[in-house]
Amino acid sequence: MRRLALIAGVVIPIVIIGLLLSDDGGIMAGIGAVRDAPSPFSSLVRATEPLTLTYWIYLPFACRNFPPVIQVPEDKYLLVEYWAHSVLGVNCEGLCIDFPTYHFDPQSDELAIYTTLPPEPALVLDNDDIGYIGSGTSLGGVGCGANSDLTKIQRCPLSKDGITLRYVDETGTITLERKSEVIVLGADEVWVSDEEIEIWDWLGAECAVTSTCYITNYAFQDRDKIIFTQP
């Protein structure tokens, strides 16, 4: 009873404050409301949208209390992608990178994994595995090319390249963290960061690089549409 009273004492004031601010008192944060997005994605989450105080304070508390077991629908797997596109400025030396190690086609829902045959065991999902996190980088400007890799999700939380997958529910909605920000994405939703400018001095003292990060939740996909093929 004391624990319930303590939780109520924290959550209720937060909800009240959030309701008071919900009309015009939004707080600028790193995640935001869902917007329309071009096909094949049904909606887009911008990094600069306002949040109410209720959402901003309560959700980090909720992230610590997810159930330990994630129920993946039979014959399905989860696919989440974290992608960074970096545009190299005119003062940078030219740079090309390669190679992508997978390709997901959102029209056919086929996931092609480039590997040796028979495929490497580290890339083959076991029955109790949750799915994959794909991560990659592509270059623009005076740069070109792309590289990527897949990591099996065997349990949550799982950290990969600066993001942490905390939980996925039975609908395929995922909860992640990036740079202390909590991001919740439903199926086919995409989160887009603000532009981030860095100096890559290893490509020149005045090499300014503008990067945008994307997190795409492809949610649950059919396991029988995973194709292992040679590059």
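Residues numbered from 1 in each chain as written. Predicted model: local features only at pLDDT ≥ 70, side-chain atom pairs only at ≥ 80, totals over all residues. Heavy atoms only, no water.

**Q** I keep staring at the confidence of the model for the protein and nothing clicks. Help me out?
**A** Parts of the model with low pLDDT should not have their predicted coordinates read in detail. On average, residues of the protein score 80 in pLDDT, and 70% of them are at 70 or above. Here residues 1-8 is a poorly scored stretch, pLDDT under 50, and it has 1 contact once near neighbours within four places are set aside; other chains count. Confidence drops under a pLDDT of 50 for residues 10-41, and excluding neighbours within four residues, the segment shows 68 contacts in the predicted structure. (pLDDT = per-residue confidence, 0-100. Contact = heavy atoms within 4.5 Å.)

**Q** Looking at this structure, I do not really get the packing of aromatic side chains. What am I missing?
**A** Any two aromatic rings considered together are summarised by their centre-to-centre distance and by the angle between their planes. One pass over the structure, following the stated rule, counts 3 aromatic pairs. Ring plane angle 55° and centroid distance 4.5 Å describe the contact between Phe 104 and Tyr 218, whose orientation is recorded as tilted. Remark: Tyr 218 occurs in strand 17 (residues 208-222) and Phe 104 occurs in strand 7 (residues 102-105); sequence separation between them is 114 residues. Relative to Trp 202, the ring of Trp 200 has its centre 5.6 Å away and its plane inclined at 20°; by these criteria the two rings are stacked. (Phe/Tyr/Trp six-rings, centres within 6.5 Å; stacked < 30°, edge-to-face > 60°. Helix = DSSP H or I, 4+ residues; strand = E, 2+ residues; numbered from the N terminus.)

**Q** Got a minute to help me understand the nonpolar core in this structure?
**A** For soluble globular proteins, nonpolar side chains are generally found buried alongside one another. Membership of the largest hydrophobic core comes to 22 residues, with the highest contact counts inside it found for Leu 78, Ile 153, Leu 165, Ile 174, Leu 176 and Ile 215. Each residue touching Leu 165, except ones within four places of it in the same chain, is listed here: Leu 78, Ile 133, Ile 153, Cys 156, Pro 157, Leu 158, Ile 174, Thr 175 and Leu 176. Counting 14 residues, the second-largest nonpolar core is a separate cluster that includes Tyr 77, Leu 79, Tyr 132 and Ala 146. (Core = buried A, V, L, I, M, F, W, Y, C linked by side-chain atoms within 4.5 Å. Buried < 20%, exposed > 50% of the residue type's maximum accessible area, 1.4 Å probe, protein only.)

**Q** Looking at this structure, I do not really get the side chain of Asn 217. What am I missing?
**A** Of note, Asn 217 is situated in strand 17. Taking the relative accessible area as the measure of exposure, Asn 217 reaches 0% and is therefore buried. Separated by 2.9 Å, the side chain of Asn 217 and the backbone oxygen of Gly 172 make a polar contact. Aside from chain neighbours lying at most four places away, what touches Asn 217 is Leu 78, Leu 79, Val 80, Gly 172, Thr 173, Ile 174, Leu 185, Gly 186, Ala 187, Asp 188 and Glu 189. (Polar contact = N/O pair within 3.5 Å; in protein donor to acceptor, adjacent residues only side chain to side chain.)

**Q** What should I look at first to understand the sheet that holds strand 7 in this one?
**A** As a general point, the strands of a sheet are linked pairwise by backbone hydrogen bonds and lie either parallel or antiparallel. Spatial strand order, 7-8-18: 3 strands in an open sheet with mixed pairing. At either end of the open sheet lies a strand with only one pairing partner, and these are strand 7 and strand 18 (226-229). Each adjacent strand pair in this sheet contributes to an overall mean axis angle of 15°, direction not counted. Judged from the 4 bridges that link them, strand 7 and strand 8 (residues 110-114) form a sheet pairing that is antiparallel. When the bridges of strand 8 are listed, Phe 104 appears paired with Leu 111. (Pairing = 2+ DSSP bridges. Axes fitted to C-alpha atoms, helices over the stretch in contact; angles between N-to-C directions.)

**Q** Got a minute to help me understand the sheet that holds strand 14 (residues 181-185) in this structure?
**A** Spatially, the 4 strands line up as an open sheet ordered 11-12-13-14, and their pairing is antiparallel. The sheet is open, and its two edges are formed by strand 11 (158-160) and strand 14, each paired on a single side. Across the sheet, the axes of successive neighbouring strands diverge by a mean angle of 25°, strand direction being ignored. Of the pairings in the sheet, the one linking strand 12 (residues 163-168) to strand 13 (residues 174-178) comprises 5 bridges and is antiparallel in character. From the neighbouring strand, Leu 165 faces strand 13, where its bridge partner is Leu 176.

**Q** Please explain unusual backbone geometry as it appears in this structure.
**A** Glycine aside, a negative phi is what most residues show, and trans is what most peptide bonds show. Here Asp 98 and Phe 99 are connected by a cis peptide whose omega angle stands at 5°. Of note, Phe 99 is situated in the loop between strand 6 (95-97) and strand 7. Leu 117 connects to Pro 118 through a cis peptide bond whose omega is 0°. Mapped onto the fold, Pro 118 is located in the loop between strand 8 and strand 9 (131-141). Phi angles above zero are rare outside glycine, and Asp 188 is one such case at about 70°. Counting through the fold element by element, Asp 188 comes out in the loop between strand 14 and strand 15 (189-192). The exposure class assigned to Asp 188 is partly exposed, which follows from its relative accessible area of 30%. For Ala 219, which is not glycine, the phi dihedral falls at a positive 60°. Its location among the elements puts Ala 219 in strand 17.

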